[in-house]
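Residues per chain are reported as follows:
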Amino acid sequence: MLHSNATAASRDARSQHVTSNNSSTDLQAFLGLAARDPELLEAAVALQRNQLAIAERLLKARLRAQPVDVAAMRMLAEVAGRLARYSDAEKLLRRALALAPEFEAAQANLVTVLHRQSKFDEALRRADRLLEKQPDSPGNLALKAAVLVRTGGYDEALTIYKKILASYPDQPKLWVSYGHVLKTVGRLQDSIAAYRRAIAGANTLGDAWWSLANLKTVRFGADDLAAMRHALQTASQDTDRYHLHFALGKALEDAGDYAQSFEHYRQGNKMRRAELPYDADETARHLERSVRLLTRDKFATTPHGHPVPDPIFIVGLPRAGSTLVEQILASHSAVEGTMELPDIGSICAELSGRHIANAVEDGYLPRLLALTGQQLRELGQRYIDGTRVQRKTGRPYFVDKMPNNFAHIGLIHSILPNAKIVDVRRHPMANCFAAYKQHFARGQGFTYDLTDLGRYYRDYVALLRHYDEVLPGRIHRIVYEQLVANPEAEIRKLLAYCGLPFEATCVAFHENPRAVRTASSEQVRQPISSAAVDHWRHFEPWLGELARTLGDELVRYDSMFGASDRVPDVGGHDG
């Protein structure tokens with residue numbers, strides 16, 4: 001996440017003073033010494049190798065011995081950021097900046113950490129402050145562009161990327177970032193050209209190849225396949241290799257070579273899973289805690305939160321069709337589409353702080369249940385305030401389509417009792433395999449292993465069954481297969497649940513020119529199609545592990561929704 005090592009700290013910092021109690025020293029000299037320090041260099045090597053536990057141990061020991069070592073603080077913030085402990089990273093960087101206010105590398109890192117926590121206003125202010133000192137710095141310009149993308153400032157972000165690339169055209173990763181924004185605003189051919197420009201500059205850049213594949217509309221020719229295979233053999237970074245595996249998986253799937261396609265998906269997922277700390281048992285524990293603590297009686301006696309009706313939450317699993325449902329809703333004149341907003345997750349993380357009694361055992365739920373009506377209303381207001389930066393049109397309702405929010409329906413209901421909640425459900429095999437094929441930028445650690453996926457799906461539907469029992473009628477369910485089979489009827493039901501009149505534009509959602517940031521951006525710009533409903537069956541021989549883990553959920557889904565004519569074979573081979 002943050003570019004950090006002792007040498008970089010020495011190179012990036014400007015001359016300034018570090019103050020601690022009654023002592024001060026020149027920061028440049030301090031960091032120059034740190035760059036030659038064996039302890040910090042050992043930690044930097046561990047960071048470079050992604051050996052986070054080793055780096056964390058070394059850096060914490062260093063800070064116990066030298067509490068004002070701002071280079072060590074910045075590096076430890078890097079560790080925290082890679083582990084998604086953004087609050088910890090923020091505290092470390094603020095401490096470093098309190099000691100060294102002109103430490104510009106730490107300032108830049110703090111912008112990134114604030115950005116990751118959706119603290120966009122401060123992130124933009126700090127990015128502008130950096131640009132006041134160095135208005136032509138490509139790093140600082142790119143930093144601001146990244147924040148602008150998250151707040152819907154796509155035109156300004158495109159202008160910034162064009163400015164940087166005019167002066168630094170030989171920066172492949174910048175061409176990829178530029179391509180992402182072009183894709184988001186619907187400039188498909190321009191995004192393809194940007195990704196191709198990145199590949200021309202660095203043919204082993206896996207992210208560029210995967211970005212092309214992830215458009216879902218590009219078909220790779222024989223030359224592309226040969227180039228990707230060569231890149232896979234010569235790439236030196238794991239991140240390039242697993243991106244290439246996912247890209248080759250998609251290319252070979254399109255070519256009908258399903259055995260080789262699955263093998264590349266399998267290898268890419270195996271590599272990515274090894275990097276991630278996902279714990280399937282913790283997901284199961286959250287399910288158990290929710291069922292035990294969030295009862296019908298408890299909800300009946302819980303004070304009401306903020307009465308605002310603005311949000312429409314779309315929940316489920318990624319690749320279930322949530323972007324399609326968002327596009328349908330955002331095509332209504334009263335509804336604004338935003339993106340996958342992290343605000344509910346941030347509130348949950350804060351409530352589950354380590355200082356809270358029972359936090360380890362029961363997560364954030366005990367504290368949630370202890371809140372007063374006033375406190376619940378304040379949290380609801382905080383959500384509305386935090387998401388306001390994403391609202392550009394003034395429409396009365398907006399969509400928050402973070403799929404993982406299904407785990408926090410109890411909190412959503414408590415702080416925003418009048419918000420709408422839409423669960424998008426798709427056949428377990430189709431949904432899980434679609435997620436398995438997808439390389440996500442972050443936040444979906446359960447998708448890189450078939451057993452993890454099967455367990456996650458089971459826990460998801462079990463939790464939703466619980467909420468259907470204790471909050472009957474609270475959640476509207478859309479079944480993907482039924483939506484594509486009879487779109488107008490399902491859209492009418494959805495709009496009625498949301499209290500909205502029917503508008504024909506919702507059926508013609510593919511004509512909506514709005515920006516779309518998810519992997520399905522190009523798919524939702526096409527008319528609705530049933531082509532993907534049973535596509536997973538091409539890979540059924542290798543999905544036995546998934547089918548066995550899903551177990552009776554397969555039978556239950558088919559009996560409830562009639563989405564398939566048979567249950568998949570749970571034998572087969574697992575690749």
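Because the structure is a prediction, the values reported are computed rather than measured.

(A) Just the overall build of the protein, in detail. When its secondary structure is counted, the protein shows 30 helices and 7 strands. Relative to its 575 residues, the protein shows a buried fraction of 57%. In the protein, 71% of the contacts between residues at least 6 apart in sequence involve partners at least 24 apart. Only carbon and sulfur atoms are counted for the fraction: they give 51% of the accessible area of the protein, which is about 24000 Å².

(B) Highlighting the packing of helix H13 (residues 206-214) against helix H15 (residues 238-254). Running from N to C, H13 and H15 point in directions that differ by 25°, and their axes come no closer than 8 Å. When the axis of H13 is compared with that of H15, the two are roughly parallel. Considering only the axes of H13 and H15, their crossing is left-handed. Counting all contacts with H13, which are made through Gly206, Asp207, Trp209, Trp210 and Ala213, the residues of H15 involved are Asp240, His243, Leu244, Phe246, Ala247 and Lys250. Across the contact of H13 with H15, the residue classes break down as 6 nonpolar, 2 polar and 3 charged.

(C) Focus on unusual backbone geometry. Here Lys216, not a glycine, exhibits a phi torsion of approximately 70°, which is positive. Residue Lys216 is classed as buried on the basis of its relative accessible area, which comes to 15%. With a phi angle near 75°, Arg319 is a residue other than glycine that sits in the positive phi range. Positionally, Arg319 belongs in the loop between strand S3 (311-316) and helix H19 (322-330).

(D) Molecular detail of the confidence of the model for the protein. Per-chain confidence: the protein averages 87 in pLDDT, with 86% of residues scoring 70 or above. Predicted confidence for residues 1-31 stays below pLDDT 50, and this span has 87 contacts to residues more than four positions away or in other chains. Segment residues 569-575 is flagged for pLDDT under 50; beyond a separation of four residues in sequence, or across chains, it makes 24 contacts in the model.

(E) Quick look at the packing of helix H25 (residues 428-436) against helix H26 (residues 450-470). Between H25 and H26, the shortest axis-to-axis distance is 10 Å and the interhelical angle comes to 135°. Here H25 is positioned oblique relative to H26, judged by the angle of their axes. For H25 against H26, the interelement crossing comes out right-handed. On H26, the residues touching Pro428, Asn431, Cys432, Ala435 and Tyr436 of H25 are Leu450, Leu453 and Tyr457. Split by residue class, the contact of H25 with H26 holds 7 nonpolar, 1 polar and no charged.

(F) Here's a closer look at the packing of aromatic side chains. All told, the structure shown has 23 aromatic pairs when counted by the stated rule. Here the aromatic rings of Phe246 and Tyr448 are separated by 6.4 Å at their centres, their planes lie at 80°, and the arrangement is edge-to-face. Placement of the pair is Phe246 in helix H15 and Tyr448 in the loop between H25 and H26, with a sequence separation of 202 residues. The exposure class assigned to Phe246 is buried, which follows from its relative accessible area of 0%. Ring centres 5.4 Å apart and planes at 40° place the aromatic pair Phe313 and Tyr383 in the tilted group. Of this pair, Phe313 sits in strand S3 while Tyr383 sits in helix H23 (residues 373-387), and the two are 70 residues apart along the sequence.

(G) Representation of the nonpolar core within the structure. Among the nonpolar cores identified, the biggest contains 179 residues, and Met228, Val325, Leu329, Tyr383, Leu411, Val422 and Tyr467 are the most heavily contacted of them. The element contributing the most residues to this core is H26, with 10 residues. With sequence-adjacent residues up to four places away left out, Leu329 is seen in contact with Ile312, Ile314, Val335, Val399, Leu494, Leu495 and Cys498.

(H) Structural detail: the sheet that holds strand S5 (residues 397-400). Strand order in the open sheet formed by 5 strands is S4-S5-S3-S6-S7, and the pairing between neighbours is parallel. Two strands in the sheet have a free side with no partner beyond their single neighbour: strand S4 (335-337) and strand S7 (475-479). Between one strand axis and the next, the sheet turns through 25° on average, direction left out of account. By the bridge criterion, 3 bridges tie S3 to S5 in an arrangement that is parallel. Its bridge partner being in S5, Phe313 is matched across the sheet by Asp400.

(I) Structural context of the environment of Ala274. Relative to the assigned elements, Ala274 resides in helix H16 (residues 258-275). We classify Ala274 as exposed; its relative accessible area is 68%.

(J) Structural view of the pairing of S5. Where S4 lies against S5, 3 bridges are found, and the strand directions are parallel. The partner of Val335 across the bridge, within S5, is Tyr397.

Definitions and limits used
- Residues numbered from 1 in each chain as written.
- Predicted model: local features only at pLDDT ≥ 70, side-chain atom pairs only at ≥ 80, totals over all residues.
- Heavy atoms only, no water.
- Helix = DSSP H or I, 4+ residues; strand = E, 2+ residues; numbered from the N terminus.
- Buried < 20%, exposed > 50% of the residue type's maximum accessible area, 1.4 Å probe, protein only.
- Contact = heavy atoms within 4.5 Å.
- Areas by Shrake-Rupley, 256 points an atom, 1.4 Å probe, with all protein chains shown as cover.
- Axes fitted to C-alpha atoms, helices over the stretch in contact; angles between N-to-C directions.
- Parallel < 35°, antiparallel > 145°, perpendicular 65-115°, else oblique.
- Left-handed = near helix turned anticlockwise from the far one by under 90°.
- Nonpolar A, V, L, I, M, F, W, Y, C, P; charged D, E, K, R; others polar.
- pLDDT = per-residue confidence, 0-100.
- Phe/Tyr/Trp six-rings, centres within 6.5 Å; stacked < 30°, edge-to-face > 60°.
- Core = buried A, V, L, I, M, F, W, Y, C linked by side-chain atoms within 4.5 Å.
- Pairing = 2+ DSSP bridges.

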